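# Analysis of the macromolecular model
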Amino acid sequence: MEIKLFDKFCILTPLSPKLDKRECIRLYNEIRNYKNLSIGIDLTFVQDCTIEFIEELYKITPLGIFNISSDIFTLFNMMNVDKLVNLFVSEQDFKENKHRLINRKFNVIR
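Anyway, here's the lowdown on the structure attached to this text. This structure is a prediction, so every number in the text was calculated from the model and none was measured. (Residues numbered from 1 in each chain as written. Predicted model: local features only at pLDDT ≥ 70, side-chain atom pairs only at ≥ 80, totals over all residues. Heavy atoms only, no water.)

Below, the discussion takes up the packing of aromatic side chains. Under the defined criterion, the tally for this structure stands at four aromatic pairs. Taking 6.4 Å as the distance between ring centres and 25° as the angle between the ring planes, the aromatic pair formed by Phe53 and Phe76 counts as stacked. In this pair, Phe53 sits in helix 2 (residues 51-59) while Phe76 sits in helix 3 (residues 70-78), placing the two residues 23 residues apart along the sequence. Residue Phe53 shares its accessibility class with Phe76, and that shared class is buried. Plain terms: the ring middles of Phe88 and Phe94 are 5.9 Å apart, the flat faces sit at 70° to each other, and that makes the pair edge-to-face. For Phe88, a relative accessible area of 2% corresponds to the buried category. For Phe94, a relative accessible area of 8% translates into the label buried. (Phe/Tyr/Trp six-rings, centres within 6.5 Å; stacked < 30°, edge-to-face > 60°. Helix = DSSP H or I, 4+ residues; strand = E, 2+ residues; numbered from the N terminus. Buried < 20%, exposed > 50% of the residue type's maximum accessible area, 1.4 Å probe, protein only.)

Before going further, it helps to examine the pattern of salt bridges. Summed over the entire model, instances satisfying the criterion amount to six salt bridges. Between Arg26 and Glu23 there is a salt bridge; the shortest N-O distance is 3.5 Å. Here Arg26 pairs with Glu23, and both are found in helix 1 (residues 21-33), just three residues apart, close to one helical turn. The partly exposed category is assigned to Arg26, whose relative accessible area is 35%. One salt bridge connects Lys83 with Asp82, and the closest N-O pair in it is separated by 3.3 Å. (Salt bridge = Lys/Arg side-chain N within 4 Å of Asp/Glu carboxyl O.)

Take Glu96: it is sitting in helix 4 (residues 91-96). Each C-alpha atom, one on Glu96 and one on Phe73, is 21 Å from the other, the two residues being 23 residues apart in sequence.

What follows covers helix 2. For an α-helix, 3.6 residues make a turn, and residues three or four places apart therefore share a direction. All of the buried residues in helix 2 are Phe53, Ile54, Glu56 and Leu57. For helix 2, the arc enclosing every buried residue in end-on projection is 155°, short of the 170-degree limit, so these residues lie on one face. Looking at the buried positions of helix 2, the neighbouring elements they touch are strand 3 (18-19), helix 1, strand 5 (48-49), strand 6 (64-66) and helix 3. (Arc of directions from axis to C-beta. Contact = heavy atoms within 4.5 Å.)

The subject of this paragraph is the sheet that holds strand 2 (residues 9-13). Taken in spatial order, the five strands make up an open sheet running 1-2-4-6-7, and their pairing is mixed. The open sheet terminates on both sides in strands that have one partner only, identified here as strand 1 (2-5) and strand 7 (86-87). Bridge count for strand 1 against strand 2 is four bridges, and the pairing is antiparallel. Following the sheet pairing, Ile3 is matched in strand 2 by Leu12. (Pairing = 2+ DSSP bridges.)

Once that is clear, we can look at the environment of Asn86. Positionally, Asn86 belongs in strand 7. Along the primary structure Asn86 and His99 are separated by 13 residues, whereas in three dimensions their C-alpha atoms are 10.0 Å apart. What Asn86 contacts, discounting residues up to four positions off in sequence, is Leu63, Gly64, Ile65 and Arg100. Here Arg100 takes part through its side chain, which lies 3.2 Å from a polar atom of the side chain of Asn86. (Polar contact = N/O pair within 3.5 Å; in protein donor to acceptor, adjacent residues only side chain to side chain.)

Structural data, given as structure tokens:
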């Protein structure tokens, strides 16, 4: 896991292609060490995640996630993760707190 510390930000980058229970525990322990900073998780290298990862997200808010693969983003939208965690396109958007990804679930009314 790669950890980048900035003035008021901590960026955690899991290097594993799959976030399973073991990786979630490691991630959660690192997040606890940096509670006073804005935590961001960079999912650049992650291609798959388990339900344990999503359950951990419910425990550790506020949190920002960026560089999300399309498969994981679809899963996040279906499970309404965007309502609890801030989803961003890039690290820069996370730092500026702009351009959040939100699933609005619009319907066409006739």
